[in-house]
Amino acid sequence: MILPVTVYGNPVLRKVAQDITPEYEGLADLIKNMFDTMYFAEGIGLAAPQVGKPIRIFMMDLSPLAEEFPEYQDFKKVFINAQILERSGEPVSDEEGCLSLPGIREKVERPDKIRITYVDENFVKYDEVYEGWAARVIQHEYDHIDGKLFIDYISPLRRRLLKGRLTAISKGKVEAKYRIRT
Ligand code: NI
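A brief structural summary. (Residues numbered from 1 in each chain as written. Predicted model: local features only at pLDDT ≥ 70, side-chain atom pairs only at ≥ 80, totals over all residues. Heavy atoms only, no water.)

Take the sheet that holds strand 3 (residues 57-61) next. Pairing is antiparallel across the open sheet formed by five strands, whose spatial order is 2-3-4-5-6. Whereas interior strands pair on both sides, the edge strands pair on one side only; in this sheet they are strand 2 (45-47) and strand 6 (125-131). Geometrically, the sheet is characterised by an average inter-axis angle of 30° between neighbouring strands, direction not taken into account. (Pairing = 2+ DSSP bridges. Helix = DSSP H or I, 4+ residues; strand = E, 2+ residues; numbered from the N terminus. Axes fitted to C-alpha atoms, helices over the stretch in contact; angles between N-to-C directions.)

Here it is, written out as structure tokens:
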């Protein structure tokens, strides 16, 4: 089932999301619906607050990047109860977008390397290191479960320039190919 995507201004996007247990009701359906929603909206990542749930789940499928980065051909993962333990490597600046900020793309500087612990959809534990685009997308999605958005990192000047568009998004006055929820 394709779910509506919460957009900038919806308070759920500013909550620090909570861990879940394997008994969380409807977990398998929620994960399936989030993937359906992410693919429909043509995103490469999605976090639970973006479908209105303040819980620590996010997922990504980086296969759209595989033409340029073949290592992402089968990179489809669910991260539950994630904790980033370390951020290292060079700070790298690259352009990001977000399904919760339709039409906005900005350069964001992030560390190139992270170490993260999480459980997958079967509650199997992992402790892994990621670099490059995987590290960037993980940090973007991880921010969502900590109540942050990529526009929090841009300069005050860029923010001022975007103010009108952000206000419009918060009122639902924005074009998107998917259903949105303000
Ligand atoms: Ni996002």
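What follows deals with the side chain of D120. Relative to the elements of secondary structure, D120 occurs in the loop between strand 5 (106-119) and strand 6. Although D120 is buried, it makes no salt bridge; K77 carries the closest opposite charge, 8.3 Å away. D120 has contacts with V78, I80 and Y126, leaving out every residue within four places of it along the chain. (Buried < 20%, exposed > 50% of the residue type's maximum accessible area, 1.4 Å probe, protein only. Lys, Arg positive; Asp, Glu negative; His and termini not counted. Salt bridge = Lys/Arg side-chain N within 4 Å of Asp/Glu carboxyl O. Contact = heavy atoms within 4.5 Å.)

The next thing to look at is the packing of aromatic side chains. Tallied over the entire structure, the rule returns eight aromatic pairs. With a centroid separation of 5.9 Å and an interplanar angle of 70°, the aromatic rings of F75 and Y130 are classed as edge-to-face. Of this pair, F75 sits in the loop between strand 3 and strand 4 (76-96) while Y130 is found in strand 6, placing the two residues 55 residues apart along the sequence. In terms of burial, F75 and Y130 fall into one category: buried. On the numbers, 5.1 Å between centres and 15° between planes, the contact of Y118 with Y126 is stacked. Members of the aromatic cluster, joined through ring pairs, are F58, F69, Y72, F75, F79, Y118, Y126 and Y130. The lysine or arginine in question, K76, covers the ring of F35, its NZ or CZ lying 4.5 Å from the ring centre. (Phe/Tyr/Trp six-rings, centres within 6.5 Å; stacked < 30°, edge-to-face > 60°. Lys NZ or Arg CZ within 6 Å of the ring centre and 35° of its normal.)

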